[in-house]
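A closer look at the structure
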Amino acid sequence: MTTSQISAGSLIREWRTRRRMSQLDLAMEAEISQRHLSFVESGRAAPSRDMVLHLAEQLEIPLRQRNQLLLAAGFAPGFGERPLTDATLAPAMAAVEIVLKGHEPFPALAVDRHWNLVLANAAIGPFLANIAEPSLLTPPVNVLRLSLHPGGVAPRIVNLAEWRAHLLDRLKHQNDASGDPALVELERELRTYPSGLKSGRPAPVEPNAIVHPLRLAHGDVVLSFISTITVFGTPLDVTLSELAIESFFPADEQTRSVLVRLAKERAAKAL
């Protein structure tokens, strides 16, 4: 069914249900009457453009889906969608490159809404060596597929069961938030990959742990990372709103030392 065949009211109801909100909850958040919201959802009342955007804001609907909601209500999309190569996005992409470069000698990468690699810094390179399935590195490179595929990085992830569970949980939350069919299919695919479980259950979380680390075998050492996600704070462009930077930090001194040494080796080769 196309967006034009779906009413704005049914989409609002769908997002409200997705957010686990009652009509009364949403009406109170939006400071409108429950009766009016009921009329909008049932199609008995046509919402104005401002009301569509107001309800979308309360429901925290992603910009791409806000455009779909506006179209369903009979209005033009309110948010642009430009390719990352568009000249108007150049300042934002330059900012991404600065963040990635500034994070060296530690790894960092930028991904789009489907977890396809957009940019990465030089520190990522050494961890993509010895990939058994070369097609995983054919653009567009999906970093989740590359991470969990048995022909990708997965065989070198020491705590694969825990890291896999973490990534799948993150992807599920993203699916709940966006309702993107492509991400739903990606999650379904990733769940078919080996779990990494040997005993039938994940290892218990360390009592003093503060985050899920990524523990990656690199030669004869195990590197341990913690990560953060960065997004643009006030985007008005759909593409930009879906761009995310994941930065990896050393979780121990051994990892930091190895990453610093690898950076010096890259610099020496570049001379």
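Our subject is the structure listed above.
For the structure given in this document, a descriptive report is provided here. It should be emphasised that the depicted structure is a prediction, and the values quoted were computed from it without experimental measurement. (Residues numbered from 1 in each chain as written. Predicted model: local features only at pLDDT ≥ 70, side-chain atom pairs only at ≥ 80, totals over all residues. Heavy atoms only, no water.)

In this section: the packing of aromatic side chains. On inspection of all chains with the given rule, the structure shows 1 aromatic pair. The ring of Trp-15 has Arg-18 sitting right over it, with the charged end atom 5.0 Å from the ring centre. Directly above the aromatic system of Phe-39 lies the positively charged group of Arg-44, at a separation of 4.0 Å from the ring centroid. (Phe/Tyr/Trp six-rings, centres within 6.5 Å; stacked < 30°, edge-to-face > 60°. Lys NZ or Arg CZ within 6 Å of the ring centre and 35° of its normal.)

A separate point is helix H1 (residues 8-18). Residues lying three or four places apart along an α-helix face the same way, a consequence of the helix completing one turn every 3.6 residues. Where H1 is concerned, the buried positions are Ala-8, Gly-9, Ser-10, Leu-11, Ile-12, Trp-15 and Arg-16. The inward-facing, buried residues of H1 abut helix H2 (23-30), helix H3 (34-42), helix H4 (49-58), helix H5 (63-72) and helix H8 (160-178). Phi turns positive one or two residues past the end of H1, at Arg-20, with a value near 60 degrees. (Buried < 20%, exposed > 50% of the residue type's maximum accessible area, 1.4 Å probe, protein only. Helix = DSSP H or I, 4+ residues; strand = E, 2+ residues; numbered from the N terminus. Contact = heavy atoms within 4.5 Å.)

Below, the discussion takes up unusual backbone geometry. Here Glu-104 and Pro-105 are connected by a cis peptide whose omega angle stands at 20 degrees. On the secondary structure map, Pro-105 appears in the loop between helix H6 (90-103) and strand E1 (108-111). Each neighbour pair has its own omega, and for Pro-139 with Pro-140 the value is -5 degrees, a cis peptide bond. Of note, Pro-140 is situated in the loop between strand E2 (117-120) and helix H7 (143-148). Its identity is not glycine, yet Glu-60 carries a phi of approximately 55 degrees, on the positive side. Locating Glu-60 in the fold gives a position in the loop between H4 and H5.

Residue position: Thr-255 is located in helix H11 (residues 253-270). Exposure remark for Thr-255: the relative accessible area of 0% places this residue in the buried category. When near neighbours in sequence (up to four residues on either side) are disregarded, Thr-255 contacts Val-222, Leu-223, Ser-224, Phe-225 and Pro-250.

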